[in-house]
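Chain by chain, the residues run as shown.
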2 protein chains.
Amino acid sequence: MKILFKNARILTMKDENIIFANLVVKDNRIAYIGKDYSKYAPFDREIECNGNLLMPGFKNAHAHSAMVFLRGKADDVPLQEWLFDVVFPHEANLQPKDVYYLNKVAYLEYLTSGITAVFDHYFYPSEMARASEEFGMRSTFLVMPDETKYPMQYISDVYHKYNDNKDSLVRVRIGFHAEYTADDATFDRAMRIVEELKSPFFTHISETEKEVRECIERHGMEPAKYIYEKGLFKYGGGAYHCVHFTDEEARIFKENGLYVVTCPCSNAKLASGVAPLMKYYGMGMNIAMGTDGPASNNGLDMFKEMYLAASLNKLECKDAKAIPAFEFLKMATVNSAKAMGLDEADVLEEGKLADIIMIDLTQPNMQPLNNIVTNLVYSGNKQNVVLTMIDGKILYENGKFFLKENLEDIYRNAQIVTDRLERDTKNKK
Amino acid sequence: MKILFKNARILTMKDENIIFANLVVKDNRIAYIGKDYSKYAPFDREIECNGNLLMPGFKNAHAHSAMVFLRGKADDVPLQEWLFDVVFPHEANLQPKDVYYLNKVAYLEYLTSGITAVFDHYFYPSEMARASEEFGMRSTFLVMPDETKYPMQYISDVYHKYNDNKDSLVRVRIGFHAEYTADDATFDRAMRIVEELKSPFFTHISETEKEVRECIERHGMEPAKYIYEKGLFKYGGGAYHCVHFTDEEARIFKENGLYVVTCPCSNAKLASGVAPLMKYYGMGMNIAMGTDGPASNNGLDMFKEMYLAASLNKLECKDAKAIPAFEFLKMATVNSAKAMGLDEADVLEEGKLADIIMIDLTQPNMQPLNNIVTNLVYSGNKQNVVLTMIDGKILYENGKFFLKENLEDIYRNAQIVTDRLERDTKNKK
């Protein structure tokens, strides 16, 4: 299968420059970027870009995709209350197949937002993998060392099954929810599996002040330091949120090349705080970006994240200069790809995976074309995403989905699950 | 001309309820909302809504539409520097007709965002009115008592020409840029014209701490208090931004029914601060909402404003409960309409003006349909706007514009103006 994108502006994300060129996709990879595409002819499809922009798809480096069933169910509630009174009681009724059905609704939203890969943190890895592969969504997900749900051998099998298969859309990492929900036995199991698989480790850290305070009470130190000292970051990884890091924790992350995955919209909506990205950026830390789940954000949209990250940091520093716009684009694409182990899907370059989006520059919010990069961050919108290609396949184009399954079935199945979870949770009360 | 919207969910914005009904538009007004539309048949067009949502269009209560020419020209610069080094030098080269061409680019963006009316604060009222009427955009704009550009008789003529014509899309109010750019003579002229026309008065107030500090140095009091004591609010009105109000200023606004027009995205991007909406809301103040201009925001999108207003207030109060989602919808529709003198375009009701948008609930960011109101505020996006009707005319539908002029001409004319302004400003340096 060969697809030609003709007459495009291309933001490769290797740097800030935008080039005018053509781009050839062969099977699932970028075969060529340049002026003369003749030696790749004929093509199965030629897409006239008319000067619209091609760029790498956004990588959503933190999400709980299946939580779409809770969207709108508990807005305007603080994190701890939201978690313990709403989320956990509902999740207690989750069945494995629910995740398979729910994830697909989030995947649809990713396509409309130009998100081509998601770092998912949720239950039932086999169901997540099945959803991902059937749908065509690239995903990395965490497997959690929970003894009852996932025995050690299962984790090891899942890890190798996907990570050893170069062609799979799925990658696996090890992690658990958070220090405050992990007992000593969980820490031990996590350490053993990290060591066995030499896997990067990811978890929620420093999302709220309360969590940090309580970790200090329990362990005499802040959570990032505690988890680091326990050895869980021995093979790299990182943490979601990182809102309340001490200087020492920031240094630990910097020195060990760990990823801060910032989720500004969720942190704002749950009133958790603002991650000090200006400081992290100044220290040269690895900053990736995610949406968090649809129950705490609630939109799965990296344009919203970039805008909020940029503007909140200007506000916090009382400095409209703060971090340059291009850096937020990097967080949302290249850096997130690296955090997710997707080094082959980070930039647009010959030989890289064809995870590409097209941005309509003829929509009024991108006009006049004074500065495309700042326009993407400050006036860009998911409405501008007119094409989303994952692994060489166009799954979304001009507002329409091109999937094996139809939209109505995906929604109906998710609604059935949502209604059942609501019923089961009420009945238990 | 009669249009039937069949099988819609309708959020009238009179309250939070969503009803299932049909809606009939006759000429430029809503003729009927209910189950049995047969007595209005036949229709020129029947639109099957399939359960999608009709609601009042958003009203953008503060903008400088013509400033699209500066979008992306000076991002990441603080307010005072941005104003004095970038904005004012460019604006010195503006010609009246430029505003006519530039406004139309912003109007296009309003249509894509479901914004059906704009409160414009810029130069050359006749050109703004011409653009507005030709395009079909409803707008209220300020005329500024600037002696050189607009003599008193001209202001009075413009004021009556539009406000006395019930059918016009244009409404006029009196205002000036800000206390810090208005000398005593301007204050005097403003006071005389406000008194003569009995017009509400609007201006920028308390956008930055610097502005407040300098007003105290000049006049011994904060700007809202100063302008109030000068008598300019005698016939109502309000102010844009209101980020740094004292309690006394908030009380003055509350007691006189004046409108706070909050612009959270602009205030964040320029690092000006966060307006304390929680406090204003608690006091029962009138809060309207605007995007500010495309050079400081940069998108013209009320979904973005609602999300930012909501999340910043949760953050500021460290309280995820803060203001209920529905209140932000009210600010962006009903309250803004009232601030702009558009009492006939505030809610969906028989007899009201037909300024209506349709929201696609079948897009994944609105699924599952647990709570449509919170979805609109927290996961809603301008991508969901599939139809924008102003004054009974459908100007935007399914991503396409239905205008007298074509898109390419609007963009080309705006680009010519943008390029000329850039050239003229460079040459003068």
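Calculation criteria
Residues numbered from 1 in each chain as written. Chains lettered and ligands numbered in written order. Predicted model: local features only at pLDDT ≥ 70, side-chain atom pairs only at ≥ 80, totals over all residues. Least-squares fit on C-alpha atoms with pLDDT ≥ 70 in both. Contact = placed C-beta atoms within 7 Å. Pairing = 2+ DSSP bridges. Helix = DSSP H or I, 4+ residues; strand = E, 2+ residues; numbered from the N terminus. Axes fitted to C-alpha atoms, helices over the stretch in contact; angles between N-to-C directions. Parallel < 35°, antiparallel > 145°, perpendicular 65-115°, else oblique. Left-handed = near helix turned anticlockwise from the far one by under 90°. Nonpolar A, V, L, I, M, F, W, Y, C, P; charged D, E, K, R; others polar. pLDDT = per-residue confidence, 0-100. Buried ≥ 20, exposed ≤ 12 C-beta atoms within 10 Å, placed from the backbone. Expected span 1.5 Å × (residues − 1). Bend = angle between axes of the 7 residues up to and from the residue.

**Some words on the relation of the copies chain A and chain B**
Right, on to step 1. Of the transformation superimposing chain A on chain B, the axial component is 0.0 Å and the angular component is 180°, with the fit at an RMSD of 0.0 Å. Here the two chains are linked by the operation of a two-fold rotation axis. Among all residues of chain A, the minimum C-alpha distance to the rotation axis is found for Gln383 of chain A, at 2.4 Å.
Right, on to step 2. Looking at chain A, 100% of its interface residues are interface residues in chain B too, so the copies touch through the same face.

**Focus on the sheet that holds strand β10 (residues 201-205) of chain A**
Whenever strands of a sheet pair, they do so through backbone hydrogen bonds, lying parallel or antiparallel.
Residues and elements named next belong to chain A.
Right, on to step 1. The parallel open sheet is built from eight strands, whose spatial order is β6-β7-β8-β9-β10-β11-β12-β13. With one partner strand each, in any of the chains shown, β6 (58-63) and β13 (286-289) form the two edges of the open sheet. With direction set aside, neighbouring strand axes in the sheet form an average angle of 25°.
Right, on to step 2. Here four bridges tie β6 to strand β7 (residues 115-120), and the two strands are oriented parallel to one another. Its bridge partner lying in β7, Lys59 is registered against Ala117.

**Topic: the packing of helix α11 (residues 302-317) of chain A against helix α12 (residues 325-339) of chain A**
All names here are of chain A.
Right, on to step 1. Axis separation between α11 and α12 bottoms out at 10 Å; the angle between their running directions is 135°. Taken together, the axes of α11 and α12 are oblique relative to one another. When the axes of α11 and α12 are compared, the crossing they make is right-handed. Along its contact with α11, which presents Met302, Glu305, Met306, Ala309 and Ala310, the element α12 presents Ala325, Phe328, Leu329 and Ala332.
Right, on to step 2. Considered class by class, the residues forming the contact of α11 with α12 number eight nonpolar, no polar and one charged.

**Re unusual backbone geometry**
Right, on to step 1. At the junction of Asn297 of chain A and Asn298 of chain A, the peptide bond is cis and its omega measures out at 5° in the coordinates.
Right, on to step 2. That bond from Gln367 of chain B to Pro368 of chain B is cis: its omega, -15°, falls within 30 degrees of zero.
Right, on to step 3. With respect to the secondary-structure elements, Pro368 of chain B resides in the loop between β14 (356-359) and α13 (372-378).
Right, on to step 4. The phi angle at Asn7 of chain A is positive, at roughly 55°, despite the residue not being glycine.
Right, on to step 5. Checked against the element boundaries, Asn7 of chain A lands in strand β1 (residues 2-11).

**Details of the confidence of the model for chain A**
Right, on to step 1. In this model, chain A carries a mean pLDDT of 95, and residues with pLDDT of at least 70 account for 100%.
Right, on to step 2. We note a pTM of 0.96 for the whole complex and an ipTM of 0.94 for its interfaces.

**Overview of the pairing of strand β8 (residues 138-143) of chain A**
All names here are of chain A.
Right, on to step 1. Counting buried positions over the six residues of β8 gives six, a clear majority of the element.
Right, on to step 2. The alternating pattern of β8 places Arg138, Thr140 and Leu142 and Ser139, Phe141 and Val143 on opposite faces, both of which are buried.
Right, on to step 3. Note that β7 and β8 share four bridges and pair parallel. Opposite Val118, over in β8, you have Ser139 as the bridge partner.

**Observations concerning the packing of helix α2 (residues 96-113) of chain A against helix α14 (residues 407-428) of chain A**
Residues and elements named next belong to chain A.
Right, on to step 1. Following both chains from N to C, one finds α2 and α14 inclined at 130°, their axes separated by 9 Å at the closest point. Classified by the angle between their axes, α2 and α14 sit oblique to one another. Here α2 and α14 pass one another in a crossing that is left-handed. In this structure, α2 uses Asp98, Tyr101, Leu102, Lys104, Val105 and Leu108 to contact α14, whose residues at the interface are Ile410, Tyr411, Asn413, Ala414 and Val417.
Right, on to step 2. Taken together, the residues of the contact of α2 with α14 break down into eight nonpolar, one polar and two charged.

**Comments concerning the interface of chain A and chain B**
Right, on to step 1. Of the residues lining the interface, 55 residues belong to chain A; the matching set on chain B comes to 55 residues.
Right, on to step 2. A per-element tally of the side of chain A that touches chain B places α11 of chain A first, with six residues.
Right, on to step 3. Across the side of chain A that touches chain B, the residue classes break down as 24 nonpolar, 18 polar and 13 charged.

**Some thoughts on α12 of chain A**
All names here are of chain A.
Right, on to step 1. For α12, with 15 residues, the first-to-last C-alpha span of 20 Å sits near the 21 Å given by 1.5 Å per residue.
Right, on to step 2. When the local axis directions of α12 are compared, the greatest deviation, roughly 45°, occurs at Met331.
Right, on to step 3. Taken across its 15 residues, α12 has 12 buried, putting it largely inside the fold.
Right, on to step 4. Among all positions of α12, only Ala325, Phe328, Leu329, Lys330, Met331, Ala332, Thr333, Val334, Asn335, Ser336, Ala337 and Ala339 are buried.

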